[in-house]
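# Coordinate inspection notes
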Amino acid sequence: MAQVKKPKLRQAILTASFSLFSGAGYHNTTVAQIAKQAKVSTANVYSYFPSKIHILYALYEPWLFERLDELETSLKRLKSPHARIYRVLHTLWCDLPAGDNAFANNFIQAIATTDPGKGYRPELLRSALARVTA
């Protein structure tokens, strides 16, 4: 019989991961630490996510797109092209890197240290680039 995945358990793993990544960084956080903080077994973490980088994608993608949504909303209020460009650059170069205890650094750390064949998903880059370009 197939295991039924529980949304609360998945969320507990994501919450623990966000806390640990934000505090210790991606590289210094282990799946065992995530499991312990989420109060699940390490095997259970792997039944929800194939790898640590998949957990990070599950956190980072909505985190990033929420901030891009906020950027789009703020751009609608700005009429000056100069102000709009300034807002985009400030968001990309200052707000995103500093947000949530430099959470974006976890993603940079992950893709810099992970084998490209083991979880890197270029579609995130493509969709973020398309949104920023638009």
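Residues numbered from 1 in each chain as written. Predicted model: local features only at pLDDT ≥ 70, side-chain atom pairs only at ≥ 80, totals over all residues. Heavy atoms only, no water.

### A short note on a nonpolar patch on the surface
Taken together, the side chains of Ile111, Tyr120, Leu125 and Leu129 define a hydrophobic patch exposed on the protein surface, amounting to about 370 Å² of accessible area. Within the secondary structure, Ile111 sits in helix α6 (residues 104-113). For Ile111, a relative accessible area of 36% puts it in the partly exposed group. (Patch = residues over 30% accessible without salt bridge, like charges linked within 9 Å, V, L, I, M, F, W, Y side chains within 5 Å. Areas by Shrake-Rupley, 256 points an atom, 1.4 Å probe, with all protein chains shown as cover. Salt bridge = Lys/Arg side-chain N within 4 Å of Asp/Glu carboxyl O. Helix = DSSP H or I, 4+ residues; strand = E, 2+ residues; numbered from the N terminus. Buried < 20%, exposed > 50% of the residue type's maximum accessible area, 1.4 Å probe, protein only.)

### Some remarks on the nonpolar core
Counting residues in each nonpolar core, the largest one holds 34 residues, and the members touching the most others are Ile13, Phe21, Ile55, Tyr60 and Leu64. Secondary structure elements with two or more residues in this core: α1 (7-24), α2 (31-38), α3 (42-48), α4 (52-76), α5 (81-102), α6 and α7 (122-133). Excluding its chain neighbours within four sequence positions, the residues that come into contact with Phe21 are Tyr26, Thr29, Ile34, Lys52, Ile55, Leu56, Leu59, Phe103 and Asn106. (Core = buried A, V, L, I, M, F, W, Y, C linked by side-chain atoms within 4.5 Å. Contact = heavy atoms within 4.5 Å.)

### Examining the environment of Ile34
The topology assignment puts Ile34 in helix α2. Residue Ile34 is classed as buried on the basis of its relative accessible area of 0%. Sequence separation between Ile34 and Val45 is 11 residues; the distance between their C-alpha atoms is 8.0 Å. Ignoring anything within four residues of it in the chain, the contact list for Ile34 reads Ile13, Ala16, Ser17, Leu20, Phe21, Thr29 and Ile55.

### Observations regarding the packing of α4 against α6
Here α4 crosses α6 at 140°, and the two axes come no closer than 10 Å. Taken together, α4 and α6 sit at an angle that is classed as oblique. The way α4 lies across α6 gives a crossing that is left-handed. For the pair α4 and α6, contact is made by Ile53, Leu56, Tyr57, Tyr60 and Trp63 and by Ala104, Asn106, Phe107, Ala110 and Ile111, respectively. For the contact of α4 with α6, a count of residues per class yields nine nonpolar, one polar and no charged. (Axes fitted to C-alpha atoms, helices over the stretch in contact; angles between N-to-C directions. Parallel < 35°, antiparallel > 145°, perpendicular 65-115°, else oblique. Left-handed = near helix turned anticlockwise from the far one by under 90°. Nonpolar A, V, L, I, M, F, W, Y, C, P; charged D, E, K, R; others polar.)

### Digging into α6
Listing the buried residues of α6 in full gives Ala104, Asn106, Phe107 and Ala110. Down the axis of α6, the sector holding all buried residues measures 150°, keeping them to one side. For α6, the exposed residues set more than 90 degrees away from the buried face come down to Ile108 and Ala112. (Arc of directions from axis to C-beta.)

### Focus: the packing of α5 against α6
In a packed pair of helices, the relevant descriptors are the angle between the two axes and the axis-to-axis distance. Two numbers describe how α5 lies on α6: the axes approach to 6 Å, and their chain directions differ by 105°. Classified by the interaxial angle, the pair formed by α5 and α6 is roughly perpendicular. On α6, the residues that touch Leu96, Pro97 and Ala102 of α5 are Ala104, Asn105 and Asn106. The residue inventory of the contact of α5 with α6, partitioned by class, reads four nonpolar, two polar and no charged.

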